[in-house]
Amino acid sequence: MRRFIPILILLAACAETPPAPEDARLAPEAAPVDLAFCEGEPFGDSIGQPVSTIQSRLPERARVLGPDDLATQDYRIDRLNVFVNDAGIIQRLTCG
């Protein structure tokens, strides 16, 4: 009987697990970003627009980051981060 235990363990390891429920696969929605800390409130509606439309009005501490840009990892609550795609379209805004 003891010689069957390793075989049973291998069979149990190969067993299929049931798929996750459909609701579990959905990503939770992100919490709304409070842009008041970094003077980004006027730019909240600019997502989906070219960054050139707001670049001259951005606060002094703002930085525009493309998909391949390097950025420091320091967190500054008073800095506005403007994330753009390759075409220069604003994807998201964050403070930090």
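Everything discussed here concerns the structure shown above.
Each chain has its residues counted from 1, following the order in which its sequence is written. At least 70 in pLDDT is required for a residue's local features to be given in this predicted model, at least 80 for side-chain atom pairs to be given and counted, and no such filter applies to totals for whole chains, interfaces and linings, which use all residues. Here the side-chain values reflect all heavy atoms present in the structure, with hydrogen atoms and water set aside.

Engineer: Teacher, can you tell me more about the pairing of strand S3 (residues 90–95) here?
Structural biologist: Consecutive residues of a regular strand have side chains that alternate between opposite faces of the sheet. Here the rule is simple: two strands pair whenever DSSP picks up at least two bridges between them. To qualify as a helix, a DSSP run of H or I must reach at least 4 residues; to qualify as a strand, a run of E must reach at least 2; elements of each kind are numbered from the N terminus. Of the strand pairs in this sheet, strand S2 (residues 80–84) and S3 are connected by five bridges, and their pairing is antiparallel. If you follow Val-84 over to S3, its bridge partner there is Ile-90. Counting the residues in the hairpin turn of S2 and S3 gives five residues, including Gly-88, whose phi is positive at 85 degrees.

Engineer: What exactly am I supposed to notice about the state of the cysteines here?
Structural biologist: Every disulfide links exactly two cysteines, by a covalent bond between their sulfur atoms. Criterion for a disulfide: a pair of cysteine sulfur atoms within 2.5 Å. Enumeration over the complete set of coordinates arrives at one disulfide. Put simply, Cys-38 and Cys-95 are joined by a disulfide, and their sulfur atoms are 2.0 Å apart. Here the S-S torsion is close to -65 degrees, and the disulfide linking Cys-38 with Cys-95 is therefore left-handed. In this pair, Cys-38 sits in the loop between helix H1 (5–14) and strand S1 (63–65) while Cys-95 sits in strand S3, placing the two residues 57 residues apart along the sequence. Each residue's exposure class comes from its accessible area (1.4 Å probe, protein chains only) as a fraction of the maximum for that residue type: buried when under 20%, exposed when over 50%, partly exposed otherwise. Taking relative accessible area as the criterion, Cys-38 reaches 1% and is therefore assigned buried. Exposure remark for Cys-95: the relative accessible area of 13% places this residue in the buried category.

Engineer: What exactly am I supposed to notice about unusual backbone geometry here?
Structural biologist: With the exception of glycine, most residues fall at negative phi, and the peptide bonds are largely trans. The residue Glu-39 is not glycine, and still its phi comes out positive at about 60 degrees. Structurally, Glu-39 can be placed in the loop between H1 and S1.

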